[in-house]
Amino acid sequence: MIIGIIGLGLIGGSLGLDLKKQGHHVLGVSRRESTTQRAISLGAVSQASVNMNLLSEAEVVFICTPLGLIIPTLEQLIAYLPSSCVITDVGSVKTPIVKAIAPVWENFVGGHPMAGSIDSGIEAARSKLFTDKPYVLTPINTTPTSAIAIVEDLISQLGVNIHYCSPEEHDKAVSLISHLPVMVSASLIAACEKEPDSQVHQLAQKFASSGFRDTSRVGGGNPELGVMMAKYNREALLMSLQKYRSNLDELVNLIEREDWVSLEQILHSTQQARSKFVKE
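Residues numbered from 1 in each chain as written. Predicted model: local features only at pLDDT ≥ 70, side-chain atom pairs only at ≥ 80, totals over all residues. Heavy atoms only, no water.

Trainee: Explain the sheet that holds strand β1 (residues 2-6) to me, and be specific about the residues and the numbers.
Mentor: Taken in spatial order, the 6 strands line up as β3-β2-β1-β4-β5-β6 in an open sheet, and their pairing is parallel. Each of the sheet's edge strands pairs with one partner strand only, and the pair in question is β3 (47-49) and β6 (108-109). Where strand β5 (residues 86-89) and β6 come together, 2 bridges link them in parallel fashion. Directly across from Ile 87, in β6, lies its bridge partner Phe 108. Contacts between helix α3 (residues 70-77) and the sheet are confined to β1, β4 (60-63) and β5, with β4 contributing the most and set at about 150 degrees to the helix. (Pairing = 2+ DSSP bridges. Helix = DSSP H or I, 4+ residues; strand = E, 2+ residues; numbered from the N terminus. Contact = heavy atoms within 4.5 Å. Axes fitted to C-alpha atoms, helices over the stretch in contact; angles between N-to-C directions.)

Written as structure tokens, this is what we have:
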């Protein structure tokens, strides 16, 4: 199959590596000529260009640009594609993307691979990034079943765990387990950085180890991505932040009252609940 990928960063490059290994002819498009050449040398694509007309024969196109560029990219892209081409994306927010694109391009299937890395760019691309990871598809009532089947078949070749839900359900869920952690983690870093006692601030930097590394990782990531999460998933993220604030206020109240029994009960409950979300 001839597959196009627009945006040759971590996600686009990793998709290209795995799909190419499955025998597909992969066409890559990037804004930078240097990125296209590096993608070819790394084996992430068969051909690459800064021009979208390279994709005129593509049967499926993955839009792997930053979230804020997905819709503008689609608007430029459709001038080069036959109506039979299936388009999908990898954006971490789905409702505004699907609402904007579905009326314009019938064969569009919203998608979101739940995989990533602290690193970015084509140099960060790696094979099997998506293996055993959730990959969410968000078709709507008007999405052709044939388009869904094509995308499903392709991503199944990556060894992913496929999930289906509505765009709205997707956005509420990821606001809790992806977007909220970014904001909480960023707040943690900011609280440490704003410590007024310089001696304590320096000691905290020296003492920081695995616990701080784990809880601060996503808050120390790409600022542009964090802003796009908040901008495009604003309503759901605000609801999640309000729930988090309520739980945090409860902990503050218990500690102020020195209610250690109730605090232990909550921590015991969260200890048991964690395994429902992540497996070690």
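The rest of the description comes next.
Trainee: Could you give an account of the sheet that holds strand β8 (residues 134-137), naming the residues involved and the relevant values?
Mentor: Spatially, the 3 strands line up as an open sheet ordered β7-β8-β9, and their pairing is mixed. At either end of the open sheet lies a strand with only one pairing partner, and these are β7 (111-113) and β9 (161-164). Between one strand and the next, the sheet's axes are offset by a mean angle of 20 degrees, whatever the strand orientation. As paired strands, β7 and β8 are joined by 3 bridges and run antiparallel to one another. The residue bridging Gly 111 from the neighbouring strand is Leu 137, located in β8. The strands touched by helix α5 (residues 145-156) are β8 and β9; relative to β9, the strand with the most contacts, the crossing angle is about 150 degrees.

Trainee: Describe the pattern of salt bridges, naming the residues involved and giving the relevant values.
Mentor: Going through the model one piece at a time under the given rule, you end up with 3 salt bridges. Across the pair Asp 89 and Lys 94 runs a salt bridge, and its minimum N-O distance is 2.8 Å. An identical accessibility class is assigned to Asp 89 and Lys 94; each is buried. The salt bridge partner of Arg 257 is Asp 259, with a shortest N-O separation of 3.0 Å. (Salt bridge = Lys/Arg side-chain N within 4 Å of Asp/Glu carboxyl O. Buried < 20%, exposed > 50% of the residue type's maximum accessible area, 1.4 Å probe, protein only.)

Trainee: Before we move on, could you go through a nonpolar patch on the surface and cite the residues and values that matter?
Mentor: Judged by side-chain polarity, Leu 176, Ile 177, Phe 277 and Val 278 come together as a nonpolar surface patch covering roughly 390 Å² of accessible area. Turning to its location among the elements, Val 278 is positioned in the segment after α11 (260-274). For Val 278, a relative accessible area of 37% gives the class partly exposed. (Patch = residues over 30% accessible without salt bridge, like charges linked within 9 Å, V, L, I, M, F, W, Y side chains within 5 Å. Areas by Shrake-Rupley, 256 points an atom, 1.4 Å probe, with all protein chains shown as cover.)

Trainee: Talk me through the layout of surface pockets; I want residue IDs and the actual numbers.
Mentor: Estimates place the volume of the second largest pocket at around 210 Å³. Thr 95, Glu 168, Asp 171, Lys 172, Lys 231, Tyr 232, Asn 233, Arg 234, Glu 235, Ala 236 and Met 239 are the residues that line the second largest pocket. Looking at the lining of the second largest pocket, the elements with two or more residues in it are α6 (167-193), α9 (223-232) and α10 (234-256). A per-class count over the lining of the second largest pocket returns 3 nonpolar, 2 polar and 6 charged. (1 Å grid on protein atoms, 1.4 Å probe; cavity = no way out; pocket = protein on both sides within 12 Å on 5 of 7 lines; lining within 4 Å. Points joined across faces, edges and corners; volume = space filled by probe spheres on them. Nonpolar A, V, L, I, M, F, W, Y, C, P; charged D, E, K, R; others polar.)

Coordinates in, geometry out; function isn't part of it.
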